[in-house]
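Coordinate inspection notes
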Amino acid sequence: MPSRSHCKFEQPRHGSLAFLPRKRAARHRGRCKSFPKDNAANPPHLTAFLAYKAGMTHVVRDLDRPGSKVHKKEIVEAVTVVEAPPMVVVGVVGYIETPRGLRALTSVWAEHLSDEVKRRFYKNWYRSKKKAYTKYASKYSTDNGKEITRDLERIKKYSTVVRVIAHTQMTKLKLGQKKAHIMEIQVNGGTIAEKVDWAREHFEKTVSVSDVFEKDEMIDVIGVTKGHGVEGVTARWGTKKLPRKTHRGLRKVACIGAWHPARVMYSVARAGQDGYHHRTEPNKKIYRIGKGDDKANASTEFDLTAKRITPLGGFPHYGEVNEDFLILKGTCVGVKKRVLTIRKSLRVHTKRSALENVSLKFIDTSSKFGHGRFQTKEEKKAFMGTLKKDLVEA
């Protein structure tokens, strides 16, 4: 009997059911639903960080993968640039284990909070009295901070998990937003007392992204995807279009189920919300941790041109990257300016690609608005010569 694979009656379903319900995310900022396993042998450190998606570019590097056809050859890879200004630690929370999971024991806040984090506590900032945490701050001056010390001692005595409350610095970004993003970040390493002491020492101090992550580390990116509004079944689930002459439209599902049971099954593709879903994308490799004050943060050993990571004309829909940043391999969820939660990986990595030591040879900084030909303003000026607008400015 000859094979008739073209004439089949079964096929894989369209779209995964693992992501049901496909509805709008309840939160705009990606939430860490779990943190890496703790190891008391390590010094206390943070396990996550908040960053903002700036845009994409490409890099050239030599591949170090024995056995591959392109081993020790140059490859071009797409990368994402995420801006990560230092975060400010403003509190600490202790958790105790119960049969139903973790329960917050108590929270201790810093004495002084900036306006950008106070904005997060108000629905309408300019009409409010801006009195948030003024009564709490008085605890530091009464009885020499006796109540604050007592709460910290309670966390040391009873808690099994310690997390710091940290917020982003919106004034360092040009996003047009003044309200800081705030999150709890788990402190791993050391004893409980050492964790609490570490958190207390860092109150009102900044933690930079280079203190949390290292180059060539594998990380997870948690965020909310780009929203597409209400979409039909063809775009939302990838179902096959019906023939051209179909009555009443062809971007539909022809049969949505049998007569009985007399209801539509949950697994049938239907129209509805597409995008703006909360997603965790594991195993992104950090190619570079750049410093904002470095005038040559996009230079390499092979490309010695003193240039910054911001491409000519800025990142489209974002602008300039003037703070610390990460270069991540591949794509990331979300639109430009979207806040992303960068978390240390939950897994122990053994793959060669995960353990590879990456050395970048070239980072592209040409314009992302059109067909960019020049890497720097000086290169463009040397090629184009004196322009009419230069004479007008002079």
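Here we summarise the structure given alongside this text. Because the structure is a prediction, the values reported are computed rather than measured.

Going from Leu20 to Pro21, the amide bond is cis rather than trans, its omega being -10°. Here Pro21 is to be found in the segment before strand S1 (45–46). Residue Pro261 is bonded to the preceding His260 through a cis peptide linkage, with omega at 0°. Within the fold, Pro261 resides in the loop between helix H6 (233–237) and strand S11 (272–273). At Lys72, a position not held by glycine, the phi torsion is positive, near 65°. As for its position among the elements, Lys72 is in the loop between strand S2 (48–62) and strand S3 (74–83).

Our focus in this paragraph is the side chain of Asp303. With respect to the helices, strands and loops of the structure, Asp303 is situated in the loop between strand S12 (278–290) and strand S13 (325–329). A residue is classified by how much of its surface remains accessible, and Asp303, at 13% relative accessible area, is buried. Within polar-contact distance, the side chain of Asp303 engages the side chain of Lys307 at 3.0 Å. Among residues more than four places away in sequence, those in contact with Asp303 are Lys361 and Phe362.

Among the structural elements, Lys351 can be located in the loop between strand S14 (339–344) and helix H7 (352–355). Along the sequence, Lys351 and His371 sit 20 residues apart, while their C-alpha atoms lie 37 Å from each other.

This next bit is on the packing of helix H3 (residues 146–158) against helix H4 (residues 192–201). The contact between H3 and H4 brings their axes to 8 Å, and the two run at 150°. Like other packed secondary-structure pairs, H3 and H4 cross with a definite hand, here right-handed. Counted together, Leu152, Ile155 and Lys156 of H3 and Ile192, Ala193, Val196, Asp197 and Arg200 of H4 form the full contact between these two elements. Split by residue class, the contact of H3 with H4 holds five nonpolar, no polar and three charged.

The rules behind each value
- Residues numbered from 1 in each chain as written.
- Predicted model: local features only at pLDDT ≥ 70, side-chain atom pairs only at ≥ 80, totals over all residues.
- Heavy atoms only, no water.
- Helix = DSSP H or I, 4+ residues; strand = E, 2+ residues; numbered from the N terminus.
- Buried < 20%, exposed > 50% of the residue type's maximum accessible area, 1.4 Å probe, protein only.
- Polar contact = N/O pair within 3.5 Å; in protein donor to acceptor, adjacent residues only side chain to side chain.
- Contact = heavy atoms within 4.5 Å.
- Axes fitted to C-alpha atoms, helices over the stretch in contact; angles between N-to-C directions.
- Left-handed = near helix turned anticlockwise from the far one by under 90°.
- Nonpolar A, V, L, I, M, F, W, Y, C, P; charged D, E, K, R; others polar.

Nothing here speaks to function; it is all geometry.
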